[in-house]
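What follows is the residue order along each chain.
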Amino acid sequence: MPKPSLAGGDVDEDLLIEFPFTCFLLRNGEENILVDTGMKESYLEQMAIGECHPTGSTQFLLEGLKEEGLTIADITSVIYTHLHYDHCANGELFLDIPNYIQKAEIENMKNPYDFQIARNDYFPDTRKWVERLKKLILVNGNVKLANGIELYLSRGHSLGGQTVVVPTAKGRYVLTGDTPNLSWSLFPYQDEMLLADGSKITVTPVTITRFALHNYITDQFSAYDTFYMQLGLAQNPEPEYFLGSHDPGNIFIKYWG
Ligand SMILES: [Zn+2]
């Protein structure tokens, strides 16, 4: 459990929360779409931070799909929020189906800034399998797909982040990727956070800024633009319509299907 810096400063510096690596399954009766592809075993050692050794595996993905009665072969397309290692580790399993990736993200992966290299944002094998994608769909900006899902270029964390808007019978949900990685960042006036076991913890609200930034936001001006855009894209600009890629509460919440 890495120590989060919830507001970019040292608010709640002793607070420890689970920081899950998530991916999402979107189903509409015809398509089974993955947003990001999760973690795999061979990445784990490279990701250790001090005493913190993350867990995760391709098996997690397979078991999650199995719970929905699906296998890898049933996935019809993949949408990536970005290509950092913790979002695309199982990409090689989906080479033959459409992959929606922002053009700017692929450029960023090929030409990372030195701080991104130091942080190990992009793993070498990602570049190799991206080049082998048979049905890569380069998204250049914003697009609405035939199934109603909307994709938006979202800078702030990487150069080619992608926000995914999912219209459902319950409203328009926004998958934020890592800009922000915790949806709490969009609503930092909240004084509690949902954990992976369904319980809630008290956190210190942030009131001096509109949004809560953190160490993983690399471009604060772009992040603010992305955050305001996302608030406008949701059914309502309320926390229930936002899912960050690393929200602990995602672990047990099922919004669709
Ligand atoms: Zn990331």
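Everything below is about the structure shown above.
For the structure given in this document, a descriptive report is provided here. Only a predicted model underlies this, so the values are computations on that prediction, with no experimental measurement involved.

1. Describing the overall build of the chain
Link 1 in the chain: Summing up its helical and strand segments, the chain has six helices and twelve strands in all.
Link 2 in the chain: Against the compact-globule benchmark of 18 Å for 257 residues, the chain has a radius of gyration of 17 Å, which places it among compact chains.
Link 3 in the chain: Each of the three principal axes of the chain carries a C-alpha extent, and together these read 45 × 40 × 35 Å.
Link 4 in the chain: Look at the contacts in the chain between residues 6 or more apart in sequence, and 64% of them connect residues 24 or more apart.
Link 5 in the chain: Surface exposure of the chain reaches about 12,400 Å², of which carbon and sulfur atoms provide 51%.
Link 6 in the chain: Charge separation in the chain, taken as the distance between the mean sites of 19 positive and 34 negative side-chain charges, equals 8 Å.

2. Comments concerning the sheet that holds strand S9 (residues 171-177)
Sheet strands associate in pairs through backbone hydrogen bonding, adopting either a parallel or an antiparallel arrangement.
Link 1 in the chain: Taken in spatial order, the five strands line up as S6-S7-S8-S9-S12 in an open sheet, and their pairing is mixed. Both edges of this open sheet fall to strand S6 (143-144) and strand S12 (242-244), since each of them pairs with a single strand only.
Link 2 in the chain: For S6 and strand S7 (residues 150-153), the ladder comprises two bridges, and the chain directions are antiparallel. Paired with Lys144 across the two strands is Glu150, which belongs to S7.
Link 3 in the chain: Those strands touched by helix H6 (residues 220-233) are S7, strand S8 (162-168), S9 and S12, and its axis lies near 10° from that of S8.

About the criteria used
- Residues numbered from 1 in each chain as written.
- Predicted model: local features only at pLDDT ≥ 70, side-chain atom pairs only at ≥ 80, totals over all residues.
- Heavy atoms only, no water.
- Helix = DSSP H or I, 4+ residues; strand = E, 2+ residues; numbered from the N terminus.
- Rg over C-alpha atoms; globule rule 2.2 N^0.38 Å.
- Contact = heavy atoms within 4.5 Å.
- Areas by Shrake-Rupley, 256 points an atom, 1.4 Å probe, with all protein chains shown as cover.
- Lys, Arg positive; Asp, Glu negative; His and termini not counted.
- Charge placed at Lys NZ, Arg CZ, Asp CG, Glu CD.
- Pairing = 2+ DSSP bridges.
- Axes fitted to C-alpha atoms, helices over the stretch in contact; angles between N-to-C directions.

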